[in-house]
Amino acid sequence: MNSLFLQFATVGLFTVGALINVPVANASLSKTLSILSQSSISSPDLISNQGLDSRLILAQEATEEETNIKVYEKASPAVVSIDTEKTNGSGAIISPDGLVLTNAHVVSAGGTVTVTLADGRKLEADVMAFGEDGLDLAVLKIRNGRNLPTIPIASPNSVKVGQRAFAIGNPFGQFQNTLTVGIVSRLDKERNLIQTDAAINPGNSGGPLLNSAGELIGVNTAIFTRGQGGGNIGIGFAISVDKVPPFLQAVREGRAPRTPPPETPVFEMENAKRIELNGPEISDILKQGDKVLPVDNSFYHVYAFTGKAGQQVTIEMNSKEVDSYLILLTEDGSELAQDDDSGGEKDAKISITLPTDGTYILLVNSYEAGESGSYRLKLKATAFSPNDPTKGLILNQEGVLENKDSVLSSDGSLYDEYTFDGQQGQSIWIRLESRDFDPYLALFDPKGELIAENDDASRSDKNAAIRVTLPVTGRYRVVVNAYDKTGRGQYLLTVR
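Criteria and cut-off values
- Residues numbered from 1 in each chain as written.
- Predicted model: local features only at pLDDT ≥ 70, side-chain atom pairs only at ≥ 80, totals over all residues.
- Heavy atoms only, no water.
- Buried < 20%, exposed > 50% of the residue type's maximum accessible area, 1.4 Å probe, protein only.
- Helix = DSSP H or I, 4+ residues; strand = E, 2+ residues; numbered from the N terminus.
- Arc of directions from axis to C-beta.
- Contact = heavy atoms within 4.5 Å.
- Pairing = 2+ DSSP bridges.
- Axes fitted to C-alpha atoms, helices over the stretch in contact; angles between N-to-C directions.
- Salt bridge = Lys/Arg side-chain N within 4 Å of Asp/Glu carboxyl O.
- Polar contact = N/O pair within 3.5 Å; in protein donor to acceptor, adjacent residues only side chain to side chain.
- Core = buried A, V, L, I, M, F, W, Y, C linked by side-chain atoms within 4.5 Å.
- Domains from an automatic or database assignment.

Caption draft 1: Just helix H3 (residues 244-252), in detail. Burial in H3 covers these residues: Val 244, Phe 247, Leu 248 and Ala 250. Each buried residue of H3 sits inside an arc of 155° when the element is viewed along its axis, so together they form one side. Where H3 terminates, the next one or two residues include Gly 254, which has phi positive at roughly 75°.

Caption draft 2: Structural view of the environment of Val 115. Mapped onto the fold, Val 115 is located in strand S5 (residues 113-116). Separated by 36 residues in the primary sequence, Val 115 and Val 79 place their C-alpha atoms 10.0 Å from one another. Excluding anything up to four places from it in sequence, Val 115 contacts Val 80, Ser 81, Ile 82, Arg 121, Lys 122, Leu 123, Ala 125, Leu 140 and Ile 142.

Caption draft 3: Up close: the sheet that holds strand S18 (residues 312-318). Taking strand neighbours across the sheet as the criterion, the four strands line up as S15-S23-S18-S21 in an open arrangement whose pairing is antiparallel. Edge positions in the sheet fall to strand S15 (282-286) and strand S21 (348-353), since each has one partner strand and no second. The sheet shows a mean angle of 20° between the axes of neighbouring strands, taken without regard to direction.

Caption draft 4: Broad picture of the pattern of salt bridges. Under the defined criterion, the tally for this structure stands at 12 salt bridges. Arg 121 is paired through a salt bridge with Asp 119; the nearest N and O atoms lie 2.9 Å apart. Given a relative accessible area of 43%, Arg 121 falls into the partly exposed group. Linking Arg 186 and Asp 188 is a salt bridge whose minimum nitrogen-to-oxygen distance equals 3.7 Å. Look at Asp 188 and you get buried, because its relative accessible area is 9%.

Caption draft 5: Representation of the side chain of Asn 68 within the structure. Considering the arrangement of structural elements, one finds Asn 68 in helix H1 (residues 55-75). At 2.9 Å, the side chain of Asn 68 and the side chain of Arg 164 are in polar contact. If sequence neighbours within four positions are ignored, Asn 68 has contacts with Arg 164, Phe 166, Leu 179 and Val 181.

Caption draft 6: Inspection of the environment of Thr 494 at higher detail. Locating Thr 494 in the fold gives a position in strand S32 (residues 489-495). The buried category is assigned to Thr 494, whose relative accessible area is 8%. Here the alpha-carbon distance between Thr 494 and Glu 433, two residues 61 residues apart in the chain, equals 8.6 Å. When near neighbours in sequence (up to four residues on either side) are disregarded, Thr 494 contacts Leu 393, Leu 395, Asn 396, Trp 429, Ile 430 and Arg 431. Side chain to side chain, Thr 494 and Asn 396 meet in a polar contact 3.2 Å long.

Caption draft 7: Here's a closer look at the environment of Leu 450. Within the fold, Leu 450 resides in strand S29 (residues 450-454). Classification of Leu 450 by relative accessible area gives partly exposed; the value is 36%. Linking Leu 450 and Val 478, residues 28 residues apart in sequence, is a C-alpha distance of 9.9 Å.

Caption draft 8: Main features of the pairing of strand S23 (residues 373-381). Here S23 shows a clear split, with Gly 373, Tyr 375, Leu 377, Leu 379 and Ala 381 buried on one side and none of Ser 374, Arg 376, Lys 378 and Lys 380 buried on the other. As paired elements, S15 and S23 share five bridges and run antiparallel to each other. Across the sheet, the residue bridging to Leu 286 is Gly 373, located in S23. In terms of strand pairing, S18 meets S23 through six bridges, oriented antiparallel. Counterpart to Val 313 in the pairing with S23 is Ala 381.

Caption draft 9: Representation of the sheet that holds strand S6 (residues 122-130) within the structure. Pairing within the closed barrel is antiparallel, and its six strands lie in the order S2-S3-S4-S7-S6-S5. When strand polarity is set aside, the average angle formed by the axes of neighbouring strands in this sheet is 40°. Taken together, the three bridges between strand S2 (residues 79-83) and S5 define a ladder with antiparallel strand orientation. Paired with Ser 81 across the strands is Thr 116, a residue of S5. Lying on the sheet, H3 is in contact with strand S4 (99-102), S6 and strand S7 (138-142); it crosses S7 at an angle near 55°.

Caption draft 10: Inspection of the nonpolar core at higher detail. Ile 82, Leu 101 and Leu 216 are the most contacted members of the largest nonpolar core, which totals 52 residues. Of the residues that make up this core, three or more belong to each of domain 1 (76-142) and domain 2 (163-253). One finds Phe 299, Val 322, Leu 354 and Leu 362 within the second-largest nonpolar core, a separate group that totals 25 residues.

Caption draft 11: Region of the structure containing unusual backbone geometry. With a phi close to 60°, Asn 144 is a non-glycine residue in the positive phi region. The phi dihedral of Asn 157 is positive, around 60°, even though this residue is not glycine. Tracing the backbone shows Asn 157 in the loop between S7 and strand S8 (164-169).

Set out below in structure tokens:
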């Protein structure tokens, strides 16, 4: 399994999947071709064995290309980028006077909201209302908006699995009005979500999912992602258009809440079973009636244990009846590690250096939805010496962001770089602390590809932290950055 959590498709709330708390996306359209039987007389309309030089194929591709262009030209002028003090997202203008439909989590942090139109104009907007009962929708009103382009809303119950889907938004807060194309992969009627393989990435949150007529069929909201990397793996989710008209009606009638809804955890941590490191092996059964992880409808059990910073911990889940899956979290719900088959066969295993003193949460889970069966769980820890604070320490670096440092071209912020050598499968915890500026962290693999970034370690901790299992062996690059171009001052970087 690639991962067992949803991540907001937002830049800024971008704890890179570290938060499993969610209120509650690159595949092109596959072509279905009828291979005609070969005739002894060649015909330009017959598809050859290789499918080459076929007028039918070329005509189909031309038609799809024309549709892509028409949808983009029709809808993109009404797609906006949304920026707050902490987040970036996208939205769709739905009225000429400047009503914008987006996700609640894009604007729920408060502060000034700036909307960037497709023509580059930047305008301030006010949050008018939020969805209720966990509906991740919000409506903004662009100040002094007039004669603006709009996106029409499709009819409820009009979305079908297999139809084409078009997503337009501002991925990673840097590529405004990016178009991606896919299909509707699945309809989740229970949670009113549309699953699509049209690429949705951080920054796409709140942007429109469109049909071939350029009508809004959903509001892009989350991605099913791989560990701490935060990128698209072909599974994205949009709030179905079925929920939009009732929400807008509530807004018009003044019934919609003016304050953001509280976040609802995607799993329950209450009543977690207490377990001890180096304690006796635990045996239990995943079965019907257990708690269900909404992301994939798999059963799970929740355990909690107490650990110390620098402690080396190995967690093993063994089963002959289910495909084992483990997820390790901090007490506030931030992900530390997850694993499917590292224990061999279908057993799961996590080996990690604990980053802090405190309580840790362990989700014992299965790879597939509805898997039932018995399992065994073991937690082992090395002897911990409080007199050895450097145990597990890779890097402990004090530094200063100052005017002579390098400048990030995308936003003018300053940054320093550090490197360390890592091993494939190694669990790494990186933390950046500062009293002088809002810290921002980024981690790049040996090929120079971004694998993780973070702004705030948690809702209560404004320092930056990354917890990740290294994908390959080699030299990794850590970028110490400030959230914006005003950031200056001292910092402490720790890598364990």
